[in-house]
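Chain by chain, the residues:
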Amino acid sequence: MTDKVSIVTILHGETEFIPLILDNYKNFKDSDNLELVVVDDGKENLSSYFKEIKNCFYFHLNKEEKEKFIDQIIEGYKQPNSSGLKYLKKKKSLPNGFKRDYGCGMSSHPYLFHMNADCIYHKKSIERKIKFMKKVGAECIYCDTTLC
């Protein structure tokens, strides 16, 4: 694989998933063309867990940043008093979709691969997905099933 790919994954301070994230990343073929983008809105900065990974960008969103983004999300809704938004404000955790979008915005490669923190990926997952995208001329592909 010679394509440059950003692997985006999100956390909410769960250190128990970090070994799996690192194993998946190290297992992917052609890691020289990969970058790992981790967006974490947990209480503690976990960047020390990722310091040995080449091309890793860890973004810890602190309390003030989370509050600012949550306020911006709520402002964008036409019904700011909905129960879902009240829960968001009370929970003080950003929606996963927001964190994924943030990670995409912070990435630098033309291809994006979303990696769940709690899944195991085949070493050729990225390579196969890009090959399929090119074959069918798709801009985006997804999988709605998991092999067990």
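To be clear, the structure that these remarks concern was listed above.
This one's a predicted model, so the numbers in the text were calculated from it and none came from an experiment. (Residues numbered from 1 in each chain as written. Predicted model: local features only at pLDDT ≥ 70, side-chain atom pairs only at ≥ 80, totals over all residues. Heavy atoms only, no water.)

### Focus on the sheet that holds strand β3 (residues 56-60)
At step 1: Taken together, four strands build an open sheet; the order of strands is β3-β2-β1-β4 and the sheet is parallel. Every interior strand has two partners, whereas the edge strands, β3 and β4 (111-114), have only one. For this sheet the average axis-to-axis angle between neighbouring strands, irrespective of direction, equals 20°.
At step 2: Of the pairings in the sheet, the one linking strand β2 (residues 34-40) to β3 comprises five bridges and is parallel in character. Paired with aspartate 40 across the bridge in β3 is histidine 60. (Pairing = 2+ DSSP bridges. Helix = DSSP H or I, 4+ residues; strand = E, 2+ residues; numbered from the N terminus. Axes fitted to C-alpha atoms, helices over the stretch in contact; angles between N-to-C directions.)

### So, the pairing of β2
At step 1: For β2, a buried count of seven out of seven residues is recorded, marking the element as mostly surrounded by other parts of the structure.
At step 2: Of the two faces of β2, the one holding Leu34, Leu36, Val38 and Asp40 and the one holding Glu35, Val37 and Val39 are both buried throughout.
At step 3: Note that strand β1 (residues 5-11) and β2 share seven bridges and pair parallel. The residue of β2 that forms the bridge with leucine 11 is aspartate 40. (Buried < 20%, exposed > 50% of the residue type's maximum accessible area, 1.4 Å probe, protein only.)

### So, the packing of aromatic side chains
At step 1: For the structure on display, the rule yields eight aromatic pairs.
At step 2: Centroid distance phenylalanine 50 to tyrosine 58: 5.5 Å. Interplanar angle 25°. Geometry classified as stacked.
At step 3: Exposure remark for tyrosine 58: the relative accessible area of 15% places this residue in the buried category.
At step 4: Seen from their ring centres, phenylalanine 69 and tyrosine 102 are 5.8 Å apart, and the 65° between their planes marks the pair as edge-to-face. Note that phenylalanine 69 is positioned in helix α2 (residues 63-75) and tyrosine 102 in helix α4 (residues 96-106), a separation of 33 residues in sequence.
At step 5: Phenylalanine 69 gets classed as buried once you look at its relative accessible area, which sits at 13%. (Phe/Tyr/Trp six-rings, centres within 6.5 Å; stacked < 30°, edge-to-face > 60°.)

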